[in-house]
There are 2 protein chains.
Amino acid sequence: MKQLQEKIVSEGRVLSESVLKVDSFLNHQIDPVLMDAIGEEFASRFSDAGVTKILTIESSGIAPAVMTGLKMGVKPVFARKSQSLTLTDNLYSASVHSFTKNVTSEISVSKDFLDKDDVVLILDDFLANGQAVLGLLNIIEQAGASLAGVGIVIEKGFQPGGKEIRDRGIRVETLANIKTMENGKAEFFEEAMVR
Amino acid sequence: MKQLQEKIVSEGRVLSESVLKVDSFLNHQIDPVLMDAIGEEFASRFSDAGVTKILTIESSGIAPAVMTGLKMGVKPVFARKSQSLTLTDNLYSASVHSFTKNVTSEISVSKDFLDKDDVVLILDDFLANGQAVLGLLNIIEQAGASLAGVGIVIEKGFQPGGKEIRDRGIRVETLANIKTMENGKAEFFEEAMVR
């Protein structure tokens, strides 16, 4: 998605060969016009998938998920992190390890909002090691729901998550797939190569 | 806002005289069509206020804030909770006590996204004791920014936060202001009474 790649180049800050800061438009301050375009793009890419529900994780997945939900006419649900898990009888839950922060947190989704009749589109802001997506896949399995695919705003294509998920036969649509961040600059895979 | 009040009556669950669950459309599963209408409503109510920035708190404030930002042509910023505060030199931060969860958390906003030239609209999903809004007001003061007002999706008008904030001369626009939740049913103040 050209508009997103240009935004990453103009506003993103490459802090190291693996750390990209996009807090001016995606995960702290949010550019709502860009989110609107992202929602349109995901809705277009998954228009044939029969999606009935979007599943994301708080907090940075919420803005793209809400915009995509609006365009597709389906409701997003965001998994909650660090839910107190003393009452788990009405929750699906899974563990998600963050390599960036080196913490493992529990994520949970109420059983009220996901069931075996759902066809789920997973959406998230970043895909790097894939732990968040694997946690959401686990929750979808617990619900007995079907998976339409995974939509990712920014993929760090040089990290292993994307390959691991695609190797399971899962459809992954990435709007900006970064090949390398060497020399302080993000370079992208051509879209045709990753779709 | 009639559409919101009807949604609260039809889908909200009154769990006690002070606890209202709205996780089917606002703070777990999200109704994007309702969020779109909420964004339109806030944009209309604050159209004369010269807003340059929307400030909210993760996670449940994000969806209404993004939609309002899209309608107003301004960017929302969400304050982060429990930020590791070892590096505070580029952050505004404040403490927020949650009476519901009985925990105090730090919220923080990068100095990159809020400064003295900003006219800020605070948005949040709930107003009860007002602690979240007070924390955001503290951050706006630290930035030297101006305040346009406070927009609240659901106010528990029988709790003290709204009065405390209005008593400071701050404009508060509430889309659904609950008078009482006795007998398992939410009843609302008339809009004219609270505006």
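- Going by what an unreviewed UniProt entry lists, chain A is known as Xanthine phosphoribosyltransferase and is assigned to Planomicrobium okeanokoites.
- Under the UniProt heading Subunit (unreviewed entry), the entry covering chain A gives this text: "Homodimer."

1. Some details on the UniProt feature "binding site: 5-phospho-alpha-D-ribose 1-diphosphate" (unreviewed entry) in chain A
Residues and elements named next belong to chain A.
Step number 1: Residues annotated by UniProt as "binding site: 5-phospho-alpha-D-ribose 1-diphosphate" (unreviewed entry) correspond here to Ala128, Asn129, Gly130, Gln131 and Ala132.
Step number 2: By the element assignment, Gln131 lies in helix H4 (residues 131-143).
Step number 3: Apart from residues no more than four positions distant in its own chain, Gln131 is found in contact with Val96, His97 and Phe99.
Step number 4: Looking at where Ala132 falls in the secondary structure, it is placed in helix H4.
Step number 5: Those residues in contact with Ala132, other than ones at most four positions away along the chain, are Ile57, Val96 and Asp124.

2. Details of the packing of helix H3 (residues 62-72) of chain A against helix H2 (residues 32-45) of chain B
Step number 1: Following both chains from N to C, one finds H3(A) and H2(B) inclined at 105°, their axes separated by 8 Å at the closest point. Of the possible angle classes, the one that applies to H3(A) and H2(B) is roughly perpendicular. On the side of H3(A), the interface is formed by Val66(A), Gly69(A) and Leu70(A), while H2(B) contributes Pro32(B), Val33(B) and Asp36(B).
Step number 2: By residue class, the composition of the contact of H3(A) with H2(B) is four nonpolar, one polar and one charged.

3. What to know about the sheet that holds strand E6 (residues 103-110) of chain B
All names here are of chain B.
Step number 1: Spatially, E5-E6-E4-E3-E7-E8-E9-E10 is the arrangement adopted by the eight strands of the open sheet, whose pairing is mixed. Edge positions in the sheet fall to strand E5 (91-98) and strand E10 (187-188), since each of these pairs with one other strand and no more.
Step number 2: Here strand E8 (residues 146-156) pairs with strand E9 (residues 172-180) via six bridges, running parallel. By the bridge assignment for E9, Glu155 is matched with Asn177.
Step number 3: Across the face of the sheet, H2 comes into contact with strand E7 (119-127), E8 and E9 while running at roughly 120° to E9.

Cut-off values and rules
- Residues numbered from 1 in each chain as written.
- Chains lettered and ligands numbered in written order.
- Predicted model: local features only at pLDDT ≥ 70, side-chain atom pairs only at ≥ 80, totals over all residues.
- Heavy atoms only, no water.
- UniProt positions renumbered as here; feature names shortened; annotations may be inferred.
- Helix = DSSP H or I, 4+ residues; strand = E, 2+ residues; numbered from the N terminus.
- Contact = heavy atoms within 4.5 Å.
- Axes fitted to C-alpha atoms, helices over the stretch in contact; angles between N-to-C directions.
- Parallel < 35°, antiparallel > 145°, perpendicular 65-115°, else oblique.
- Nonpolar A, V, L, I, M, F, W, Y, C, P; charged D, E, K, R; others polar.
- Pairing = 2+ DSSP bridges.

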